[in-house]
Amino acid sequence: MKFYDREEELKEMRRIQKLSFEKYSRMTVVTGRRRIGKTSLAREATRGDLPTVYLFVGRKSEAALCSEFIQLISTALNCYIPSEIKSFRSLFKLVLEMAKERKFNLIIDEFQEFAKVNPSVFSDVQNLWDQYRQATHVNLILMGSVFTMMKKIFEDSKEPLFHRADNIIRLRGFETPVIKRILGDFRPDYNNDELLALYSITGGVPKYMELICENTDLTIPGMLDYIVRDNSPFTEEGKNLLIEEFGKDYGIYFSILSCIASGINSQGAIEANLGISVGGQLSRLIEDYSLITRRRPIMAKPRSQNVRYEINDNFLKFWFRYYDKNTTIVEIRNFVLLRQIIESDYTTFSGGMLERWFRQKMEESHQYSALGSWWERKKGKDANEIDLVGISADGKNALVAEVKRQRRNYDHRLFMEKVAHISSLLLSQFTVQPALFTMEEM
């Protein structure tokens, strides 16, 4: 698949590259979950006449990595490097010495893996960077996909590389117009049901979109044929993405995420379902792993106990709802049954994702100062729920929207009763604009 989007990130990375070549060396950190396109972005940003060294930190001994890196650096920079070098510190110092006379890009991918190879590398890089930075001309790009590790390395004040990066770029999935453009390139006559399915499954993650777009006809049955089968690249994907983040405690975190993906999304309901206390894990899933969001009704007090939890990543929501929840079915490779389970639940699942689509579109419009949903509690149950509420940036208007897959399922009288209720409680100072969003408006 060709390179799409990332205009703002490319602009920033090329700005930093220019400074590194014209003045002195700069360090850029690029983070984001696996499959989000970090490597593609770095290669696109460094495309040009000057050489680029690309190094991938695999799980090898330091000496083996250095042997591999020596060959790559020698080829990219057309230089001689002694094969006797066995430490990354010595190799990095030699590279920086060359950067006194030459200008080049240096990309180090999965940088956080040095923690397993030799943790002292982070201090070595810091010491050498501080020593050589203003005397050299290297555009250093450090990338990593283990969120907790990269955050600790570069944002923890106790770590040696704290405040060394000139910028930290966090990649997310494609925005809605880009998803539409990519789908249109591969399937010009697509319908909105197919657009919603692609968004619901991939969340705009470039690698997932590439796999599906290049291997299916992009009908909903075609997508499911590719995803739900023996040897599908998606079967173990959720586990592969997160097991390293969670380590030996992955079981409890997986159970919590599976509950949330299935609609069990309050702390009390999760604890009742699992039979254990999960307050600490929920906090870590938000603050340390950035995998879930704590949502309160719009305009609720910051410490309101009326809380729902939501998985941020579309694919992980899909994977935990169907693959992790049905582990036994997956283990016996009964993908026919798994396909039936997904198809029977798809209308409900995609209905929730349609709401997410419109919320994301509203966020991307930059026309709102606050966005969210609204619900109130009555005798332990949620009542008078509103799918989307947006407060305009000028503070004068409030959009109150119902989201339905099909227009025929919309009850105008009931919705307007809800609008009148929320208007009297919260929105009396705004001009309230009721709206209905269906797949037709995608």
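These lines cover the structure that appears in this document, whether it is placed above or below. (Residues numbered from 1 in each chain as written. Predicted model: local features only at pLDDT ≥ 70, side-chain atom pairs only at ≥ 80, totals over all residues. Heavy atoms only, no water.)

Attention now moves to the packing of helix H8 (residues 176-186) against helix H10 (residues 206-215). Here H8 crosses H10 at 20°, and the two axes come no closer than 10 Å. If you check the angle between H8 and H10, you find them roughly parallel. As H8 runs across H10, the sense of the crossing is right-handed. Contact with H8, carried on its side by Ile179, Ile182 and Phe186, involves Met209, Cys213 and Glu214 of H10 and no other residues of that element. Across the contact of H8 with H10, the residue classes break down as five nonpolar, no polar and one charged. (Axes fitted to C-alpha atoms, helices over the stretch in contact; angles between N-to-C directions. Helix = DSSP H or I, 4+ residues; strand = E, 2+ residues; numbered from the N terminus. Parallel < 35°, antiparallel > 145°, perpendicular 65-115°, else oblique. Left-handed = near helix turned anticlockwise from the far one by under 90°. Contact = heavy atoms within 4.5 Å. Nonpolar A, V, L, I, M, F, W, Y, C, P; charged D, E, K, R; others polar.)

Moving on, we come to the pattern of salt bridges. The tally for this structure, following the rule as stated, stands at 31 salt bridges. Among the ionic pairs, Arg34 bridges to Glu244, the shortest N-O distance being 3.3 Å. Residue Arg34 is located in the loop between strand E1 (26-31) and helix H2 (38-45), and its partner Glu244 is located in helix H12 (residues 237-246); the two are separated by 210 residues in the primary sequence. Glu310 is the salt-bridge partner of Arg295, the closest N and O atoms lying 3.0 Å from each other. In this pair, Arg295 sits in strand E6 (residues 292-295) while Glu310 sits in strand E7 (residues 308-311), placing the two residues 15 residues apart along the sequence. For Glu310, a relative accessible area of 17% corresponds to the buried category. Within this structure, Arg34, Arg59, Glu113, Lys116 and Glu244 form a network of salt bridges that share partners. (Salt bridge = Lys/Arg side-chain N within 4 Å of Asp/Glu carboxyl O. Buried < 20%, exposed > 50% of the residue type's maximum accessible area, 1.4 Å probe, protein only.)

A word on the packing of aromatic side chains. Taken as a whole, this structure holds 26 aromatic pairs when the rule is applied. Ring geometry for Phe69 versus Phe88: centroids 6.3 Å apart, planes at 75°, classification edge-to-face. Here Phe69 is found in helix H3 (residues 62-77), whereas its partner Phe88 is found in helix H4 (residues 88-98), with 19 residues between them in sequence. By the burial criterion, Phe69 is buried, and Phe88 matches it. (Phe/Tyr/Trp six-rings, centres within 6.5 Å; stacked < 30°, edge-to-face > 60°.)

The next thing to look at is the environment of Asn326. Its location among the elements puts Asn326 in the loop between helix H16 (314-324) and helix H17 (327-331). It is 9.9 Å that separates the C-alpha atoms of Asn326 and Leu337, two residues lying eleven residues apart in sequence. What Asn326 contacts, discounting residues up to four positions off in sequence, is Arg321, Leu338 and Ile341.

We now examine the pairing of E7. Side chains Arg308 and Glu310 of E7 all project onto a buried face; the interleaved residues Tyr309 and Ile311 project onto the opposite face, where all are buried too. Where E6 meets E7, four bridges bridge the pair, whose relative direction is antiparallel. Counted as the bridge partner of Arg294 is Tyr309 from E7. (Pairing = 2+ DSSP bridges.)

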